[in-house]
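What follows is the residue order along each chain.
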Amino acid sequence: MQASSLGNILLIDDNPKLIKDTLPMYGYHTDCAQNGVLGLEFLENNYQNIDLVLLDIMMPEMDGWETLKRIRENKKFSTIPVIMLTAVDEDYKQISGLKIGADDYIIKPFILPNLLARIEALIRRSNWNKRKEKKNLISTKTIENIGKLTQRELEILKMVSKGASNADIAEKLFVKEVTIKTHLNSIYKKLNVENRVQAVLLAIETEIVKE
């Protein structure tokens, strides 16, 4: 599948033409599945590349309600945002869908700017959550190793992060340059990185140092 900088959308709808033809005009790559069974199969193989699902409720073979349940039960793609498409404007049905795990509803016939705004908002929120989760994961994985850094190693890492060379650091700390190299090798080993660039990136991501 292709990719879009704005987002990749899976449209699960037995009558997808209008949305399928419209979304690419606004920068979204759109893949289509004619029913819930095919939609789930597509997600199984491509979930890592899908940013949002547009899910019609009335479809043959597997309707939107059952498809939504299956999406939320699958750990691999349960967190993908889902907007339900429905021709029925009934509050109790929408509430039931929200309880199952729908993120939003669009009533057909929809107003295009409304649909685009909701898609943009959900993808933006989802991407923010992904970045937050990634940051938390990095912090969780490295916090123990960071704790093993000595005060001198932390001091050196902060100086490296500010662009100081080994010679600069050695001069400021009144030690030989080879001593700084030894400290850096220890830092790399403890942080499980291979070089000073990776060490600095990790230090920034875990807020050992500020950008």
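One structure accompanies this document, and this report is about it.

### Some thoughts on unusual backbone geometry
Here comes step 1: Along the chain, Lys108 connects to Pro109 via a cis peptide bond; the corresponding omega equals -5°.
Here comes step 2: Looking at the secondary structure, you find Pro109 in the loop between β5 (104–107) and α5 (112–146).
Here comes step 3: In the Ramachandran plot, Glu61 falls in the positive-phi region, its phi being about 70° despite a non-glycine side chain.
Here comes step 4: Relative to the helices and strands, Glu61 is located in the loop between β3 (52–56) and α3 (64–73).
Here comes step 5: Glu61 gets classed as exposed once you look at its relative accessible area, which sits at 71%.
Here comes step 6: The backbone phi angle of Asn192 is positive, close to 60°, even though this residue is not glycine.
Here comes step 7: Here Asn192 lies in the loop between α8 (177–191) and α9 (196–205).
Here comes step 8: A residue is classified by how much of its surface remains accessible, and Asn192, at 67% relative accessible area, is exposed.

### Things to note about the packing of aromatic side chains
Here comes step 1: Under the defined criterion, the tally for this structure stands at one aromatic pair.
Here comes step 2: When the ring of Tyr47 is compared with that of Phe77, the centres are 6.1 Å apart and the planes differ by 50°; the resulting orientation is tilted. Of the two residues, Tyr47 is situated in the loop between α2 (36–46) and β3 and Phe77 in the loop between α3 and β4 (82–86); the sequence distance between them amounts to 30 residues.
Here comes step 3: Since its relative accessible area comes to 2%, Phe77 is described here as buried.

Conventions adopted
Residue positions are given per chain, counted from 1 along the sequence in the order it is written. Reporting in this predicted model follows two pLDDT cut-offs: at least 70 for local features of residues, and 80 or more for side-chain atom pairs to be given and counted; totals over whole chains, interfaces and linings ignore these cut-offs and use all residues. Note: side-chain values were computed over all heavy atoms of the structure, leaving out hydrogens and water. The secondary structure listing takes helices from DSSP runs of H or I that are at least 4 residues long and strands from runs of E that are at least 2 residues long, numbered from the N terminus. Here the term buried applies to any residue with accessible area under 20% of the maximum for its type, exposed to any over 50%, and partly exposed to those in between, with areas from a 1.4 Å probe on protein chains only. Paired rings are identified among Phe, Tyr and Trp, the last through its six-membered ring, by centres lying within 6.5 Å, and are further divided according to the angle between planes into stacked (under 30 degrees), edge-to-face (over 60) and tilted (the rest).

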